[in-house]
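The chain contents come next:
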Amino acid sequence: MVWPQKVKSPGTPLRRSRSLASGFHGRLVGHWSTRGRLWQDGAMSNPIIDLRSDTVTRPTAQMREVMASAPVGDDVFRDDPSILELERRAADLLGKEEALYVPSGTMANQLAVRSHTRSGDELIAHAGCHILNYESGGAASLAGVTIRPVTSTDGTLPLDQVRGLIHQTDDPHYAPTTLICMENTHNGAGGRIVDEANWKAVTALAKERGIATHLDGARLMNAAVGSGVSASALAAPFDTVSLCLSKGLGAPVGSLLAGPRDTVALAYRFRKMYGGGMRQAGILAAAGVHALEHHVNRLADDHRRARTLAESFDAIDGLRVNLESVQTNLVYFDIDAAHPLATPDPGGAPALVRRLAESGVWITGGAHRMRAVTHLDVDDEGVARTIEVARALMMAG
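Let me sum up the structure you'll find in this document. Position numbers for residues start from 1 in each chain and track the written sequence from start to end. Totals for whole chains, interfaces and linings use every residue, but because this is a predicted model, local features are given only for residues with pLDDT of at least 70 and side-chain atom pairs only at 80 or more, for both listing and counting. Note that water and hydrogens are dropped before the side-chain values are worked out from all heavy atoms of the structure.

### Digging into the packing of helix α13 (residues 351-358) against helix α14 (residues 380-396)
Remark: α13 packs on α14, axes separated minimally by 10 Å, with the N-to-C direction vectors making an angle of 125°. As summarised for this structure, α13 and α14 are arranged oblique, according to the angle between their axes. The way α13 lies across α14 gives a crossing that is right-handed. In contact with Leu352, Arg355 and Leu356 of α13, α14 contributes Val389, Ala390, Leu393 and Met394. All axes here are fitted lines through C-alpha atoms, helices being fitted over the stretch that makes contact, and every angle between N-to-C directions spans 0 to 180 degrees. By the criteria applied, helices consist of DSSP H or I runs no shorter than four residues and strands consist of E runs no shorter than two, each listed in order from the N terminus. The scheme is simple: roughly parallel for angles under 35 degrees, roughly antiparallel for over 145, roughly perpendicular for 65 to 115, oblique for anything else. Left-handed is the label given to a crossing in which the near helix is rotated counterclockwise from the far helix by less than a right angle, and right-handed is the label when the rotation is clockwise. Contacts are assigned to residue pairs that have any heavy atoms within 4.5 Å of one another.

Right, here's the structure in full:
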């Protein structure tokens, strides 16, 4: 594998390797300014607009100050005060007994899977969910668990499908169903806020059948802000819930797994087993505390900008957006197959992805479906420029 060159200091050229480029081939060349912002071709009048994901956010100046002064200890010994404070706040926010700080959202979800199941069990989840599609087969590899998928276009788990997939029998041909997972907001469904009636019905069925439940809440705060329902209410019927700090909340590293004390204690053991035990990580946890204090309400700005972007893209000839699905900060859109910029590059993404990148707008894409994600590093001016560039490219063909 070819690794990208490291950015050693402000002003050093940033190159992204051909093999690691997201959704397009060819190298992107830019420079970091002294403020840590990426500029295309060194032209200070033309900053890169990075809409690939909300994971690309960089710590604010205030967050960096908090990190620099954070008290630390050793988290494996459970005496890092900044981590303990973050976990306490997260548990309160999510309405759970305990919370555990972990390096990534994938680890949080996989710890939940491992803690609720035994090797040879099966879990039920949405066919487009992160746990099934984007965690490198972790449920099978790490926990020895099979995933049975449920299908829908809106991220819900239709109750009739769930009932039909549950295995609770003495017949040795079948793996026992011991966990049901949901995701809110649902990335694969376009960032939708999952219908409240559905997650209440699914968790009620699970409780009735003695099956554990886990909520992948990587973007749960987007769901809370977008729906007006508190994070604790959204998480309440689930046994465990994960929350990512390094997406829209803007922290550089980390997620949390929250749930009952006994379950979190078991997850703590598996965290060590999976290599997730950290030492003086309070420097990172302090960023998470700052994010929870200062970056939740502003998610509404990301949602507003995503809506503006979606409606404007949908008005451009040759682009299509399912506006019903744009409820938070994700914008999925398609390009008409007959348009010249729909021609796939060698990596499979439409040529539009590359052409946007050449104009300083980074998105992701595959086949005819592309994605743009708004976040705290993209302001109104960045959204307006993205629309302008996309319109010009589509008109030019």
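### So, the sheet that holds strand β12 (residues 319-321)
What links the strands of a sheet is backbone hydrogen bonding, and the strands pair in either a parallel or an antiparallel sense. Paired strands, in this sense, are two strands between which DSSP finds at least two bridges. Within the open sheet, the four strands sit side by side as β12-β13-β16-β15. Their pairing is antiparallel. Looking at strand neighbours, the two that pair on one side only are β12 and β15 (364-366), the edges of this open sheet. Each strand of the sheet is rotated relative to its neighbour by a mean of 25°, with strand direction disregarded. Note that β15 and strand β16 (residues 369-373) share three bridges and pair antiparallel. Bridge pairing in β16 places Thr364 opposite Arg371.

### Thoughts on unusual backbone geometry
A cis geometry characterises the amide bond from Asn184 onward to Thr185, with omega recorded as 0°. The topology assignment puts Thr185 in the loop between β8 (177-183) and α7 (196-209). For Arg78, which is not a glycine, the phi torsion comes out positive at approximately 65°. You can see Arg78 is positioned in the loop between α1 (61-68) and α2 (81-94). To sort residues, take the accessible area from a 1.4 Å probe on protein chains only and compare it with the maximum for the residue type: under 20% means buried, over 50% means exposed, and anything in between is partly exposed. Residue class for Arg78 comes out partly exposed when judged on its relative accessible area of 27%. Backbone geometry at Ser136 places phi at a positive 55°, although glycine is not the residue there. A relative accessible area of 75% means that Ser136 is categorised as exposed.

### Examining the sheet that holds strand β11 (residues 255-259)
Taking strand neighbours across the sheet as the criterion, the seven strands line up as β5-β11-β10-β9-β8-β6-β7 in an open arrangement whose pairing is mixed. Edge positions in the sheet fall to β5 (98-102) and β7 (146-150), since each of these pairs with one other strand and no more. The mean inter-strand angle of the sheet, taken between neighbouring strand axes irrespective of direction, is 20°. Inspection of the sheet shows strand β10 (residues 240-244) paired to β11 by four bridges, in the antiparallel sense. Looking at β11, one finds that Leu243 is bridged to Leu256.

### Thoughts on the pattern of salt bridges
Salt bridge criterion: a side-chain nitrogen from Lys or Arg within 4 Å of a carboxyl oxygen from Asp or Glu. Per the counting criterion, the structure on display carries 25 salt bridges. Between Asp92 and Arg88 there is a salt bridge; the shortest N-O distance is 3.3 Å. A residue pair is termed a helical-turn pair when its members lie 3 or 4 positions apart in one helix, as Asp92 and Arg88 do in helix α2 at four residues. Here Arg304 ties to Asp380 by a salt bridge, and the two come within 3.2 Å at their closest N and O atoms. Here Arg304, found in helix α12 (residues 299-314), pairs with Asp380, found in helix α14; they are 76 residues apart in sequence, far enough to count as distant. Several salt bridges share partner residues, and in doing so they unite Glu85, Arg88, Arg89, Asp92 and Glu293 into one network.

### Describing the packing of α12 against α14
At their nearest, the axes of α12 and α14 sit 10 Å apart, and the two run at 15° to each other. In terms of orientation, α12 lies roughly parallel with respect to α14. α14 is crossed by α12, and the crossing has right-handed handedness. Contacts from Arg304, Arg305, Thr308, Leu309, Ser312 and Phe313 in α12 reach Asp380, Val383, Thr386, Ile387 and Ala390 in α14. Of the residues contributing to the contact of α12 with α14, the split by class is five nonpolar, three polar and three charged. Gly is placed with the polar residues, together with every amino acid not listed as nonpolar (Ala, Val, Leu, Ile, Met, Phe, Trp, Tyr, Cys and Pro) or charged (Asp, Glu, Lys and Arg).

### Some details on the packing of aromatic side chains
Pairs were defined over the aromatic rings of Phe, Tyr and Trp, the Trp ring being its six-membered one, requiring ring centres within 6.5 Å. Orientation was assigned from the angle between planes: stacked under 30 degrees, edge-to-face over 60, tilted for the rest. Scanning the entire structure with this criterion turns up two aromatic pairs. Between Phe313 and Phe333, the aromatic rings sit 4.8 Å apart at their centres with planes inclined by 70°, giving edge-to-face as the arrangement. Residue Phe313 is located in helix α12, and its partner Phe333 is located in strand β13 (residues 330-335); the two are separated by 20 residues in the primary sequence. Like Phe333, Phe313 is buried. Distance and angle both matter: a charge sits over a ring if NZ of Lys or CZ of Arg is within 6 Å of the ring centre and within 35 degrees of the ring normal. Over the aromatic face of Tyr332 sits the side chain of Arg369, whose NZ or CZ is 3.9 Å from the ring centroid.

### Quick look at the pairing of β5
Among the five residues in β5, four count as buried, and that is most of the element. Here β5 runs beside β11; their pairing, made up of five bridges, is antiparallel. Opposite Tyr101, over in β11, you have Leu256 as the bridge partner.

### Re the side chain of His126
Considering the arrangement of structural elements, one finds His126 in strand β6 (residues 122-126). For His126, a relative accessible area of 7% corresponds to the buried category. Here a polar contact is recorded for every N or O atom pair within 3.5 Å, except that within protein the pair must consist of a potential hydrogen donor and a potential acceptor, and residues adjacent in sequence are included only if both atoms are side-chain atoms. Reaching out from His126, the side chain makes a polar contact with the side chain of Ser152 at a distance of 3.0 Å. Other than its neighbours up to four places away in sequence, His126 contacts Leu132, Val150, Thr151, Ser152, Gly155, Thr156, Leu157, Cys181 and His186.

Remember that the coordinates give geometry; whether it matters functionally is a separate question.
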